[in-house]
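Structure assessment
Spelled out from the first residue to the last, the chains are:
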Amino acid sequence: MVGAPVLEDGNLKVGHGGNAGWGTGGSAAHHYAVWPRLHENDFKVRSTYGRGLDWPIDYDELRPWYDRVQAAVGISGDAASEPWRPPGDPYPHAPLPLFAQGEVIRKGFEALDMRVAPIPLAINARPEGQRAACLYDGWCDSGCPIGALANPLVTYLPKAFAAGAEIRHRATVTRVLHDAGGHRVTGVEYLDAAGVNHRIRAQQVVLAAFTVQNARLLLNSRSERYPQGLGNRHDLVGRYLLVHPATFIYGLFSEETQPALGVSGGQLMCQERYADKQPGPGRYGSYQWLIAGAVKPNDLLGIANSRPDIFGPALDAFMRRAARHFGSMAAVAEDIALADNRVTLSVHKDAAGLPLAHCHHDITAPTLATIEAAEAEGMAIFRAAGAQECWAGPHTAMHIMGGTVMGSDSASSVTDSFGRCHDLENLFLAGPGLFPSSGAVNPTFTVHALALRTAEHMLGN
Ligand code: SF4
């Protein structure tokens, strides 16, 4: 089953098809388990650099929640070898091993005097409870079949079921309902798997339908009291949509790189370009390198997709060589929150007659300059590592964030720091849609830390 399509435009489209998921477990059921923390300077980009939006909390507020989630879920890594890492507890698992691809590319970073460290991965280095240890076979983005990777199907969902949670599989919430005064929500309407409409009443409602669908659901929940949609009195729902602008560097090396070995998210990381967000005129944004992801001939980030320009005998010759000598890495860069990057409702409708989401997303010149600088650096690193040939892929969007941003007041944000909607006291939102800024790190660890903080706040109140 797939969700309703999402329409897109802009000079860097959000890539909803590849960056979101649909079904039990949500987008994280197929995520890559790359779990770095946001840095301290990611939380105050408006007040420090005059760009985008500030968070209503800082790193020190979120740190204990990062620590608690990593203890509960398990992260492999080596905190001591990450000179850029903000303060936090050491990782509970040893780093995963380095394979040939990582060894080969590391030489290029060392030649340019850039430090690398094992990627912090929410993947078991050793068996833990019911979950197995990683086999390094690189099927992570297919939804790790043995439970070594921390996706919700093996982490929090079993605990939720044990506590009495019930899931209506393949159901789709279509509207959030509120009381006559418009101060509290009273439940939701949803379509079951057969398309039959239901209403369910609730004391508390948490929307966790990921970035774009959360915004669409609020906009589609129009009422007499809220003609522009729930939580949208100030025309903020859907705005400040964020991605991580990214570029991939590919190369062929004389050494055997064994590119199928390891995990999809990569073996090594480099955040040497993270701290200085404005390294020169006309540039803005941190970026990180994720190095030596395990690839198959034809998977999403696989070998064939690195050369979509060749066919027939040329592709055959390339694949035979690349299967043994391929290397790749990705630069993941910071976006700037812009009000005009937004989710709106389309005139086109889904099968149930509800307006589809339309996402507009542009990057501006300072972000483009950063991604171009990263691309040039990546090519230099691959040449220094001894690549016989190397090339860059097209600029692309990784991850989707923003659209229902948190903040300190209703005039500038949709929710407070716990994800509680400013306008409706018992309506909460969860997920990366809350992020006022993107940083340049993968968002899932931060999503978990925020969710745990919100859950305990709700229990305590
Ligand atoms: S490589 Fe990925 S899919 Fe394979 S066991 Fe490890 S985490 Fe799971």
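1. Regarding the site of the ligand
Taken together, 13 residues are adjacent to the ligand, and Cys134, Asp137, Gly138, Cys140 and Cys144 come closest. Across the shell around the ligand, the residue classes tally to 10 nonpolar, 2 polar and 1 charged.

2. Some remarks on the packing of helix α3 (residues 59-73) against helix α9 (residues 444-460)
Two numbers describe how α3 lies on α9: the axes approach to 8 Å, and their chain directions differ by 100 degrees. With respect to each other, α3 and α9 are oriented roughly perpendicular. Residue-level inspection shows Glu61, Leu62, Trp65, Tyr66, Arg68, Val69 and Gln70 of α3 in contact with α9, the latter providing Phe445, Thr446, His448, Ala449, Leu450, Leu452, Arg453 and Glu456. Class assignment for the residues of the contact of α3 with α9 results in 8 nonpolar, 3 polar and 4 charged.

3. Observations regarding the side chain of Lys296
Relative to the elements of secondary structure, Lys296 occurs in the loop between β9 (287-291) and α7 (312-325). For the buried residue Lys296, which engages in no salt bridge, the nearest side chain bearing the opposite charge is Asp299, 5.6 Å off.

4. Re the sheet that holds strand β12 (residues 355-360)
Strand order in the open sheet formed by 3 strands is β1-β12-β11, with mixed pairing between adjacent strands. Of all the strands in the sheet, just β1 (7-9) and β11 (342-349) have a single pairing partner and so form its edges. Neighbour-to-neighbour, the strand axes of this sheet turn through a mean angle of 30 degrees, independent of strand direction. Note that β1 and β12 share 3 bridges and pair parallel. When the sheet's bridge partners are listed, Leu7 is paired in β12 with His358.

5. Overview of the packing of helix α4 (residues 100-111) against helix α8 (residues 365-384)
A pair of packed helices is captured by two measures, namely the crossing angle of their axes and the spacing between those axes. The contact between α4 and α8 brings their axes to 7 Å, and the two run at 110 degrees. By the angle between their axes, α4 is roughly perpendicular relative to α8. The handedness of the crossing between α4 and α8 comes out as right-handed. When α4 is examined against α8, the residues Ile105, Gly108, Phe109 and Ala111 are found in contact with a partner set consisting of Ile381, Phe382 and Ala384. In the contact of α4 with α8, the residues fall into 6 nonpolar, 1 polar and no charged.

Procedures and definitions
- Residues numbered from 1 in each chain as written.
- Predicted model: local features only at pLDDT ≥ 70, side-chain atom pairs only at ≥ 80, totals over all residues.
- Heavy atoms only, no water.
- Near = heavy atom within 4 Å.
- Nonpolar A, V, L, I, M, F, W, Y, C, P; charged D, E, K, R; others polar.
- Axes fitted to C-alpha atoms, helices over the stretch in contact; angles between N-to-C directions.
- Helix = DSSP H or I, 4+ residues; strand = E, 2+ residues; numbered from the N terminus.
- Parallel < 35°, antiparallel > 145°, perpendicular 65-115°, else oblique.
- Contact = heavy atoms within 4.5 Å.
- Buried < 20%, exposed > 50% of the residue type's maximum accessible area, 1.4 Å probe, protein only.
- Lys, Arg positive; Asp, Glu negative; His and termini not counted.
- Salt bridge = Lys/Arg side-chain N within 4 Å of Asp/Glu carboxyl O.
- Pairing = 2+ DSSP bridges.
- Left-handed = near helix turned anticlockwise from the far one by under 90°.

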